Amino acid sequence: MNEGWMVHYTSKDTLRKRHYWRLDSKCITLFQNDTGSKYYKEIPLSEILCLEPAKNLSLLPPGANPHCFEITTANIVYYVGESLPAQTAPETGNNSVVNSGVGMEVARMWEIAIQHALMPVNPKGANGGSSQHRRKHGDVSTSVDGSRHLATPLQDISSVYQIFPDEVLGSGQFGIVYGGKHRKTGRDVAIKIIDKLRFPTKQESQLRNEVAILQNLHHRGVVNLECMFETPERVFVVMEKLHGDMLEMILSSEKGRLPERITKFLVTQILVALRHLHFKNIVHCDLKPENVLLASADPFPQVKLCDFGFARIIGEKSFRRSVVGTPAYLAPEVLRNRGYNRSLDMWSVGVIIYVSLSGTFPFNEDEDIHDQIQNAAFMYPPNPWRETSSDAIDLINNLLQVKMRKRYSVDKTLNHTWLQDYQTWLDLRELECKIGERYITHESDDPRWEAYAAEHCIQYPPHLLPQPSIEPEDAEMRALGERVSIL
């Protein structure tokens with residue numbers, strides 16, 4: 001973005017230093033010279049809390065010229081540039097001025113360049129000046145704070161988060177998702193940016209619907225909405241940053257499909273998150289592998305549901321008729337416009353299982369997919385289904401039921417033989433132990449699986465056994481015994 005010589009001193013060292021500065025989309029690097037790779041220091045843009053004109057002149061060494069602007073981070077302040085007296089200031093554009101790194105003009109170029117780097121989402125040609133300048137033009141942002149209250153006026157997003165415009169995480173239904181970082185904590189985030197000027201009114205209402213629903217959802221299996229900012233031109237939705245999605249996992253696997261063990265592990269997590277949604281009368285309406293995010297690159301990762309733009313509030317016996325979702329994963333009742341309820345999500349789960357285990361859709365792409373879905377005309381060709389268990393096929397058949405009343409519910413699916421599997425139980429318990437929270441399995445099932453292990457002469461992992469609680473008296477006696485043994 002910018003490079004050149006610049007002088008500075010800091011709040012910890014008043015000796016003025018001269019380095020060759022290079023600015024890119026993520027940091028400012030202070031090099032020893034303009035050709036080598038040795039550098040003195042890096043200043044990550046995400047750690048810059050404030051960029052403002054010179055104000056703290058009391059730290060100036062005796063006889064020194066004032067600096068031009070200040071870069072504030074959590075631990076140190078950089079006082080940048082050198083403002084020469086008018087009678088000694090060289091002419092603008094003089095090469096010696098640029099190479100020396102002193103003078104107001106050189107410093108001003110750097111201040112503007114850094115300001116633009118801190119605000120990469122500014123419209124082209126926008127002024128990179130101070131926040132006071134922006135407020136004059138009505139650019140007041142809003143945010144939903146951590147306690148999920150209504151949106152309240154707040155400083156602009158660039159003062160809280162650094163957005164990395166060259167780190168594109170994906171493009172969702174409503175805009176592009178970039179990587180970002182919280183300035184004070186260094187926490188990685190994903191920031192969805194929507195240009196309101198190019199955004200249809202209908203889609204804007206879907207975005208607000210997504211934000212409204214996510215504000216009221218607090219579950220390990222649902223992506224966490226951190227906050228939202230809004231300006232007259234843009235909306236910024238800040239969410240936790242995850243690793244990738246289930247579709248990528250399927251496509252990048254060795255055979256272009258997932259083994260049953262991993263599919264069971266992922267699908268159980270999806271169902272537990274769905275159970276929470278349906279308990280709150282929320283229907284996702286657009287379940288597909290792209291909307292199942294992975295929290296890590298582990299072979300058995302934690303998953304979280306995202307993209308609630310089509311989600312609806314639907315009671316247990318209520319129906320909706322609005323158009324929702326992605327056609328390949330849509331249930332017949334939506335395509336027929338006959339009204340749908342929470343069982344819509346269960347049809348989508350059936351398609352997800354089919355796609356995971358085979359790497360293909362259950363419907364023939366050469367024929368009208370609407371007709372096929374409405375007639376549930378899917379097949380199980382020998383390759384790869386001859387290698388798949390009959391239990392898996394049975395569950396898919398019970399989820400891809402055209403009649404909604406025959407379609408399995410979340411609880412019935414979770415209790416199906418295919419998912420009631422000892423290895424799946426162990427995999428999920430291992431994940432819960434790693435996360436430090438039990439939210440997928442339930443302790444009431446522990447005795448059943450312990451008995452299963454004993455019956456089949458399998459070693460039940462000791463660390464998964466419930467730990468006996470220690471009574472206060474026992475704890476005191478144990479502590480006393482430890483003290484005695486030390487003595």
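Here the residue index of a chain counts from 1 through its sequence in written order. At least 70 in pLDDT is required for a residue's local features to be given in this predicted model, at least 80 for side-chain atom pairs to be given and counted, and no such filter applies to totals for whole chains, interfaces and linings, which use all residues. Hydrogen atoms and water are omitted, and side-chain values are computed over all heavy atoms in the structure.

As recorded in an unreviewed UniProt entry, the chain goes by Protein kinase C and comes from Staurois parvus. UniProt, in its Sequence similarities (unreviewed entry) section for the chain, records the words "Belongs to the protein kinase superfamily." UniProt positions are given in the numbering used here, feature names are shortened, and annotations may be inferred rather than shown by experiment.

Asker: Sorry if this is basic, but what is going on with the packing of aromatic side chains here?
Answerer: Aromatic rings considered in pairs are described by the distance between their centres and by the relative angle of their planes. Note on aromatic contacts: the rings of Phe and Tyr and the six-membered ring of Trp form a pair at centre separations within 6.5 Å, being stacked when their planes are under 30 degrees apart, edge-to-face when over 60 apart, and tilted otherwise. For the coordinates displayed, the defined rule picks out 16 aromatic pairs. On the numbers, 6.1 Å between centres and 85° between planes, the contact of Tyr161 with Phe229 is edge-to-face. Of this pair, Tyr161 sits in strand β10 (residues 161-171) while Phe229 sits in strand β13 (residues 225-230), placing them 68 residues apart in sequence. Like Tyr161, the residue Phe229 is buried in the burial classification. On the basis of an interplanar angle of 70° and a centroid distance of 5.6 Å, the ring pair of Trp449 and Tyr452 is categorised as edge-to-face. With Trp449 and Tyr452 both in helix α14 (residues 446-455), this residue pair falls three residues apart, about one helical turn. A simple rule labels every residue: compare its accessible area, found with a 1.4 Å probe on the protein chains alone, to the largest value its type can have, and call it buried under 20%, exposed over 50%, or partly exposed in between. The exposure class assigned to Tyr452 is partly exposed, which follows from its relative accessible area of 31%. Among the aromatic residues, those joined into a cluster by ring pairs are Tyr422, Trp425, Trp449, Tyr452 and Tyr460. Look at NZ for Lys and CZ for Arg. If either is within 6 Å of the ring centre and within 35 degrees of the ring normal, a charge sits over the ring. Above the ring of Trp5, the side-chain terminus of Arg18 is found at 4.0 Å from the ring centroid. The aromatic ring of Phe164 is capped on one face by Lys26, whose charged end is 4.7 Å from the ring centroid. For the purposes of this entry, the term helix denotes a DSSP run of H or I that reaches at least four residues, the term strand denotes a run of E that reaches at least two, and both are numbered from the N terminus.

Asker: I keep staring at the pattern of salt bridges and nothing clicks. Help me out?
Answerer: When the charged atoms of two side chains lie near each other, side chains of opposite charge can form a pair. A pair is scored as a salt bridge if a Lys or Arg side-chain nitrogen falls within 4 Å of a carboxyl oxygen belonging to Asp or Glu. Within this structure, the stated rule accounts for 22 salt bridges. We note a salt bridge from Glu52 to Lys55, for which the minimum N-O separation is 2.7 Å. A relative accessible area of 54% places Lys55 in the exposed class. The partner of Lys241 in a salt bridge is Glu167, and the shortest N-O contact between them spans 2.5 Å. Note that Lys241 is positioned in the loop between β14 (234-240) and β15 (244-245) and Glu167 in strand β10, a separation of 74 residues in sequence. Taking relative accessible area as the criterion, Lys241 reaches 28% and is therefore assigned partly exposed. Here Glu167 falls in the buried class, since its relative accessible area comes to 17%. One connected set of salt bridges, linked through shared partners, spans Arg429, Glu432, Arg438 and Asp446.

Asker: Before we go on, may I ask you to explain the sheet that holds strand β18 (residues 303-305) in this structure?
Answerer: Where strands meet in a sheet, backbone hydrogen bonds hold them as pairs that are either parallel or antiparallel. Strands were regarded as paired on the criterion that DSSP finds at least two bridges between them. The strand order across the open sheet built from three strands is β15-β17-β18, with neighbouring strands paired in antiparallel fashion. Each having just a single partner strand, β15 and β18 make up the two edges of the open sheet. Strand direction decides the pairing type here: β15 and strand β17 (residues 292-294), joined by two bridges, are antiparallel. Counted as the bridge partner of Asp245 is Leu293 from β17. Contacts between residues were defined by any pair of non-hydrogen atoms, one from each residue, lying within 4.5 Å. As a rule, the C-alpha atoms of each element are fitted with a line to give its axis, helices using only the stretch in contact, and angles between N-to-C directions run from 0 to 180 degrees. Its contacts with the sheet place helix α6 (residues 260-279) against β17 and β18, and it is angled at close to 35° to β18.

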